[in-house]
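Understanding the architecture of this molecule
Below, each chain spelled out in residue letters.
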Amino acid sequence: MAETTLDTIDELLEGAFDDVSDPGVRYKLRSARQLLQVVQQRHETLDEAIDDAVSDEQIMSNLRDLGYIE
């Protein structure tokens, strides 16, 4: 089961990829999954930067509750 929205999107794209045989559509789905991986990596990098920059646990807790970081 997917843990994040990005994971859910990736699972949906993967399922669609498996269900189609048209090479053009498969190319577009594979490209979309690769772009999604870039977004996910940037999200993780941002989370790490916030963790490093913010030392106040209350602020971190608030950011997690608001969905800005995981």
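Residues numbered from 1 in each chain as written. Predicted model: local features only at pLDDT ≥ 70, side-chain atom pairs only at ≥ 80, totals over all residues. Heavy atoms only, no water.

A word on the overall build of the protein chain. Looking only at helices and strands, the protein chain has three helices and zero strands in total. Listed by position from the N terminus, the elements making up the protein chain come as α-α-α. The globule rule puts the C-alpha radius of gyration for 70 residues at 11 Å, and the 16 Å found for the protein chain is more than 25% above it. For the protein chain, the spread of C-alpha atoms along the three principal axes comes to 50 × 20 × 15 Å. The 70 residues of the protein chain split such that 16% are buried. Across the protein chain, contacts joining residues at least 24 apart in sequence account for 28% of those joining residues at least 6 apart. For the protein chain, the accessible surface area stands at approximately 5,500 Å², while carbon and sulfur atoms represent 53% of it. Averaging the positions of the 6 positive and the 17 negative side-chain charges in the protein chain gives two centres separated by 13 Å. (Helix = DSSP H or I, 4+ residues; strand = E, 2+ residues; numbered from the N terminus. Rg over C-alpha atoms; globule rule 2.2 N^0.38 Å. Buried < 20%, exposed > 50% of the residue type's maximum accessible area, 1.4 Å probe, protein only. Contact = heavy atoms within 4.5 Å. Areas by Shrake-Rupley, 256 points an atom, 1.4 Å probe, with all protein chains shown as cover. Lys, Arg positive; Asp, Glu negative; His and termini not counted. Charge placed at Lys NZ, Arg CZ, Asp CG, Glu CD.)

Take helix H1 (residues 5-19) next. Between its terminal C-alpha atoms H1 stretches 21 Å, which fits the 21 Å expected from 15 residues at 1.5 Å a residue. Residues of H1 that are buried: Leu6, Asp10, Leu13 and Phe17. Buried residues of H1, seen end-on, are gathered within an arc of 65° and therefore sit on one face of the element. Set apart from the buried face of H1 by more than 90 degrees, the exposed residues are Thr5, Leu12, Asp18 and Asp19. Contacts from the buried residues of H1 go to helix H2 (23-53). (Expected span 1.5 Å × (residues − 1). Arc of directions from axis to C-beta.)

Before going further, it helps to spend a moment on the pattern of salt bridges. Throughout the structure, instances matching the rule amount to two salt bridges. As a salt-bridge pair, Arg64 and Glu57 come within 3.4 Å of each other at their nearest N and O atoms. (Salt bridge = Lys/Arg side-chain N within 4 Å of Asp/Glu carboxyl O.)

Here we take up the side chain of Asp47. On the secondary structure map, Asp47 appears in helix H2. Of the side chains with opposite charge, Arg64 lies nearest to the buried Asp47, which makes no salt bridge, at 8.2 Å. Discounting residues that sit within four places of it in the chain, Asp47 has contacts with Tyr68, Ile69 and Glu70.

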